[in-house]
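# Fold and geometry: a report
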Amino acid sequence: MKIMVCIKQVPSKDSTLRVTEDSTWIREQDLSYEINEPDAYALEEALRLKEKHGGEVVVCSVGPDRVQQVIREALAKGADRAIHLVEDSGSRLDSYPAARLMAEAARQEGFDLICTGLQSDDFGFAQTGVVLAELLGVPHATIIMEVQAEDGRLKVKRELEGGWFQWVQMPLPALLTIQSGINKLRYATLKGIKQAKSKETRRVKAAELGLKAEELAGRQKLHRVYVPVKTKQTEFIDGPPREVAAKLVEKLKQDARVL
Amino acid sequence: MSDAILAVMEQQEGKLNRMSWEALSAAQRIGKELSKPVEALVLGEGVRAIADEVAASKLSCVRLLEDPLLKEYTPDAYCLALREVIAAGKPYLVLLPHTYQVRDFAPKLATGIERSFLSDCIGYRMENGSLVFTRQLFQGKMNADVSFTGDPPYFVSVQAGSFQADQLVRGENPAAIETASVKIESGKVRTQPLEKFQEAKRTVDLTQAEIIVAAGRGIKEQENLALIQKLADALGAEVGGSRPICDNGWLPMDRQIGSSGQTVAPKLYLALGISGAIQHLVGMKGARTIVAVNKDQNAPIFEVADYGIVANLFDVVPALIEEINKAKGQ
């Protein structure tokens, strides 16, 4: 099975987020980056499928040069090679441009299966995978918790709300968006890290895929970014731990009357 | 329906998803503001009763779309049907609840007709006569105001709890139900839905708990759950967790709180080391009193907390156990 895994580099969870002076984005110089968590699970699932059925795992990431960090990480974990779709506009919000770039790259390669995380930890649109499937004209299923491949068909366990699941079948080629927790992530081994250095990463620009700038234009306009205004009055309790604990217990007894 | 605000109501097995009412409420508000007609769409098979229920709201009409291929949800059949309805009616704005099902088909639907879908919006405002929507970034730590470029129809899904279903305006008379007919070729439906099921039966019912102590990523290691359990024991509470904790197998799945787990509304909810991603918040924000302990003062959990403590939970929790035991001993 030839599998493509789309991975996104996102600001780390503990990054300090500060809005730029003109309120159009967040200050990137404050950020450190990591692989989008659901994408890490998508990669792991692809590696497991390859180990079971043979084939190849190709990772694909859209972004500026810094995304090579997550590409290297994926190669070290066992992906065979990578495609880096070089794109510098950064703060672009719309899912469409990234999906379009990956669709063109995927079309050139021809994959049996494409795996993405179900959503990104930074923008959280939960759309890129499904948009990509539509652009490629392949069936898809989202929020997947188990993948079984057999005779050119997939049987997948889709998560529904409230603790329910559903089995869904579909032919290959297909696209799946993977839910966090579907598997247990592996660590890169020392050997894997060494091998990654000799693996191929193809850097591709939009123009080389025959895409013009207007074909990559988003259909949304970002007006401003800002820290949310609090709607609920939260009473913050400060002080040394013992004092804080005593005050809280008092509040829960006297004011909230829940103790 | 040309130029209408169209709310797509979600039903499964003949039961309306309650988030649909919130989307409908948003549609009424926006329709009023833009002076555009408001319509609702019900799709499925054998779902006329739902259309009747929806028609009690103040609407221009309810569109009813029935087909055997819409009985069980598939993204292909839903998109084929909705594309036809949208092409025929040319709505201005299509509003959907941000459910798992909508996430499965709406991006495909919009992309297929070269339009854009703004997912998971929490509000809107008018700016120079056009609609600007607000959505969250970075798991709720930031907001962004976004509008559409290009031509309608525009597609928007609304986050659970962002619009109030109880603000729905009822009509003086039931709205007309207009039956739309669509042609769905069965050969174009590529996914085949099979049985729905729940995992191993639940051993604990968190929805009945009066006090819940919930742990998130901030507990770092499974061993540290012992401390959380100790606090729960002191309070006579049940222990719950955010998704990552249950994914790691540190707590059984039936103790997961959030959109993919339990929705709870206890008298007291203590969120320890939980940042408060929206998927978690929707499962617990109905609690009467919420206490949050988190190192990050910007964590979204403080948005819903009544009492906030910005600190390392490993410093606060032991002291809290002591104080509770002291208080209970009195």
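Notes on the structure in this doc start here. (Residues numbered from 1 in each chain as written. Chains lettered and ligands numbered in written order. Predicted model: local features only at pLDDT ≥ 70, side-chain atom pairs only at ≥ 80, totals over all residues.)

## A few points about the overall build of chain A
Scanning chain A from terminus to terminus reveals 6 helices and 13 strands. Dimensions of chain A, computed from C-alpha atoms along their principal axes, come out at roughly 65 × 45 × 40 Å. Within chain A, the fraction of its 259 residues that count as buried is 45%. The long-range fraction of contacts in chain A, counting pairs at least 24 apart against all pairs at least 6 apart in sequence, stands at 71%. (Helix = DSSP H or I, 4+ residues; strand = E, 2+ residues; numbered from the N terminus. Buried ≥ 20, exposed ≤ 12 C-beta atoms within 10 Å, placed from the backbone. Contact = placed C-beta atoms within 7 Å.)

## As for the nonpolar core
Inside soluble globular proteins, nonpolar side chains tend to come together where they are buried. Ranked by size, the top nonpolar core spans 135 residues in total, and within it Val5(A), Val59(A), Met102(A), Val42(B) and Leu95(B) carry the most contacts. Grouped together as the second largest cluster of nonpolar side chains are 52 residues, Ala245(A), Ile219(B), Ala287(B) and Val291(B) included. (Core = buried A, V, L, I, M, F, W, Y, C linked by C-beta atoms within 7 Å.)

## Some points on the interface of chain B and chain A
Taken residue by residue, the interface counts 69 residues in chain B and 66 residues in chain A. In terms of residues, the side of chain B that touches chain A owes the most to one element, helix H9 (residues 313-329) of chain B, which gives 8 residues. Where strand S12 (residues 220-226) of chain A lies against strand S9 (residues 142-148) of chain B, 6 bridges are found, and the strand directions are antiparallel. Within the sheet, the bridge partner assigned to Tyr226(A) lies in S9(B) and is Asn143(B). (Pairing = 2+ DSSP bridges.)

## Focus: the pairing of strand S8 (residues 153-159) of chain A
Residue and element names in this part refer to chain A. Counting buried residues along S8, 5 of its 7 residues qualify, which places the element largely inside the surrounding structure. The hairpin turn running from strand S7 (residues 140-150) into S8, its antiparallel successor, is 2 residues long, and Asp-151 in that turn takes a positive phi close to 50 degrees. Across 7 bridges, S8 lies against strand S9 (residues 164-171) in antiparallel orientation. The residue of S9 that forms the bridge with Leu-154 is Met-170. Counting the residues that bridge the hairpin from S8 to S9 gives 4 residues, and of these Gly-162 lies at a positive phi of roughly 65 degrees.

## Remarks on helix H4 (residues 100-112) of chain B
Helical geometry: 3.6 residues make up each α-helical turn, so side chains three or four residues apart lie on a common side. Residues and elements named next belong to chain B. Over its 13 residues, H4 runs 19 Å from end to end, which matches the ideal 18 Å to within 8%, given 1.5 Å per residue. Maximum bend of H4: about 25 degrees, positioned at Ala-106, with proline Pro-107 one to four residues after it. Buried residues dominate H4, accounting for 12 of its 13 residues. Downstream of H4 by a residue or two, Glu-114 has a phi angle that is positive, lying close to 55 degrees. (Expected span 1.5 Å × (residues − 1). Bend = angle between axes of the 7 residues up to and from the residue.)

## Remarks on the sheet that holds strand S4 (residues 56-63) of chain A
Strands belonging to one sheet form pairs held by backbone hydrogen bonds; the direction of such a pair is parallel or antiparallel. Strands sit in the order S11(A)-S5(A)-S4(A)-S1(A)-S6(A)-S10(A)-S7(A)-S8(A)-S9(A)-S12(B) across an open sheet of 10 strands; the sheet is mixed. Whereas interior strands pair on both sides, the edge strands pair on one side only; in this sheet they are strand S11 (201-205) of chain A together with strand S12 (192-198) of chain B. Across this sheet, the average inter-strand angle for adjacent strands is 30 degrees, counted without regard to direction. Those strands touched by helix H3 (residues 96-109) of chain A are strand S1 (2-6), S4, strand S5 (81-86), strand S6 (113-117) and S11 of chain A, and its axis lies near 150 degrees from that of S4(A). (Axes fitted to C-alpha atoms, helices over the stretch in contact; angles between N-to-C directions.)

## A few points about the sheet that holds strand S17 (residues 307-310) of chain B
Strand order in this open sheet of 6 strands is S13(A)-S17(B)-S16(B)-S15(B)-S13(B)-S14(B), and the pairing throughout is parallel. Strands at the two margins of the open sheet, each flanked by one partner only, are strand S13 (235-236) of chain A together with strand S14 (238-241) of chain B. In terms of strand pairing, strand S15 (residues 268-272) of chain B meets strand S16 (residues 289-294) of chain B through 5 bridges, oriented parallel. Bridge pairing in S16(B) places Tyr269(B) opposite Ile290(B). Helix-sheet contacts for helix H6 (residues 241-254) of chain A involve S15, S16 and S17 of chain B, and the interaxial angle to S17(B) is about 170 degrees. Each of strand S13 (211-215), S14 and S15 of chain B touches helix H5 (residues 225-235) of chain B; the most contacted strand, S13(B), lies at about 170 degrees to it.

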